[in-house]
Amino acid sequence: MPTDKARVFLDYTQAELDQAYDQLHWAPQRDAIQAEIRKDCEAVRQSMPPRTERYGKSEVQFLDIFAPTGASRVPVVVYLHGGAWLRGSRQDCAYPAPAVTGRGAALVVPEFDNVGVVPLPQMIEQCREAVDWTVRNAEGFGGDPGRVYLAGHSSGAHLASCVLLGNSTIKGALLISGMYDLHAPLLSARSKYVKITPEELAAASAMRHLGRIQCPVAVAWSVGDSPEFRRQGQVLTAALQGMGRLAGGGEIFSANHFEEPRQLADPDSQLSRVLFSLMKI
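Given the structure is predicted, the values throughout are model-derived calculations rather than measurements. Every chain is numbered on its own, with residues counted from 1 as its sequence reads. The model is predicted, so local features are restricted to residues of pLDDT at least 70 and side-chain atom pairs to those at 80 or more, both for listing and for counting; the totals for chains, interfaces and linings are taken over all residues. Note: side-chain values were computed over all heavy atoms of the structure, leaving out hydrogens and water.

### Side note on the environment of Gln29
Then, in step 1: Secondary structure follows DSSP: runs of H or I at least 4 residues long count as helices, runs of E at least 2 residues long count as strands, and numbering of each begins at the N terminus. Among the structural elements, Gln29 can be located in the loop between α2 (23-26) and α3 (30-47).
Then, in step 2: Spatially, the C-alpha atom of Gln29 lies 9.0 Å from that of Phe258, the residues being 229 residues apart in sequence.

Listed below in C-alpha cells is the structure:
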C-alpha cells in the first residue's frame, strides 16, 4: 500500500512532486509580481496601441500585433503566455513590445482558451492556428512571412514546443521554463484539472517527438525555478544539443519563475539577448 514516503517519480514523494510542479510554492509573491506586470502592460498598450485581429472561431481567439512604425518585411515573434494552462491573457504580455519593436521586429501575442474551457489538445491547436494566421498575414502588418519565430513561457513554452512539431514555417523558437514531457506533471496535482488520455499525453510531449522539430531552438530556465522546471529544461537542452538543433539559452539569472519573462522588456537582458540572437536582430 502506498505511503507518504512512497516514491512516485524519480526520488519524489507525491507531496514533493506536487511542490516541484507548483511554482507558487517557490514564489509565493506571484500575485504581486503579476499585478506589477499587468500595470506595465497597460502602460505599453496605452503608449503603443496594438492592432488586434481575429485568428480563429472561438470567442477569445484574437491576437495583438505590435509592429515598428513603417514596418516592411520585418521578422516576427509570436509569444505564447503562461499560466499553468489555467490563467493568463494576451493583455498581460505587452511588456516585450518596446524592446522587440525597438530592434526592428514585430511582436504577435495571441489569446487562447484555457483547460477550464477546452481540452489541452484544443489549446495546442488554437496556438497552431495563431502561428498559421501570422505566417499567412504577416505582410499585411509589415512582417516577413519567411521570418516568423515562436516563443513561450511556462505552460506557453509547453504549447510552443508542441506547435513546433512538424512545422516548417517557424524559423526558430525560444522555450522559457516549460514542460516538455507531460508524464511527471500529470503525476502531480496538475492532473486534477488537466484531463487527457495516455495517447494525448504522448502527442503533447515534445520530448518524445524531437525528430519532428525542423528549426533551431533556444531553451532557458530560471535559477529560481522549481526543481522540475529546471530539470525539464536541462533534459531538453541536452537532447537538442545532441541533435544539432540547440540555439543557445541556459540558466537565466532571475529571482523566480514569474520574474523571469519580464527580462524581455529589457533589450539588454540575458533573456532578450538569447531571443535577439535567435532572430538574428
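### A word on the nonpolar core
Then, in step 1: Within the largest apolar cluster, 59 residues are counted, with the highest numbers of intra-cluster contacts made by Trp85, Leu120, Leu150, Leu159 and Leu182.
Then, in step 2: The element best represented in this core is helix α5 (residues 120-137), accounting for 8 residues.
Then, in step 3: The criterion used for residue contact is that any of the two residues' heavy atoms lie within 4.5 Å. Ignoring any residue separated from it by four or fewer positions in sequence, one finds Leu182 in contact with Trp85, Leu120, His158, Ile196, Leu201, Ala204 and Ser205. Put simply, buried Ala, Val, Leu, Ile, Met, Phe, Trp, Tyr and Cys residues joined by side-chain atoms within 4.5 Å make one nonpolar core. Relative accessibility decides the category of a residue: with a 1.4 Å probe and only protein chains considered, values under 20% of the type maximum give buried, values over 50% give exposed, and everything between is partly exposed.

### Observations regarding the packing of aromatic side chains
Then, in step 1: We call Phe, Tyr and Trp rings a pair once their centres come within 6.5 Å, taking the six-membered ring for Trp, and we label the pair stacked below 30 degrees between planes, edge-to-face above 60, and tilted otherwise. Scanning the entire structure with this criterion turns up 2 aromatic pairs.
Then, in step 2: Consider the rings of Tyr21 and Phe229, whose centres lie 5.8 Å apart with planes at 55°: the pair is tilted. Taken together, the positions of Tyr21 in the loop between α1 (14-20) and α2 and Phe229 in helix α8 (residues 227-243) put the pair 208 residues apart, joining distant regions of the chain. Side by side, Tyr21 and Phe229 carry an identical accessibility label, which is buried.

### Some points on the pairing of strand β5 (residues 74-80)
Then, in step 1: With 7 of 7 residues buried, β5 is to be regarded as a mostly interior element.
Then, in step 2: The pairing of β5 with strand β7 (residues 143-153) spans 6 bridges and is classified as parallel. Looking across to β7, one finds that Val77 is bridged to Tyr149.
Then, in step 3: Pairing between two strands is assigned when DSSP locates at least 2 bridges connecting them. Bridge count between β5 and strand β6 (residues 106-110): 3 bridges; the pairing is parallel.

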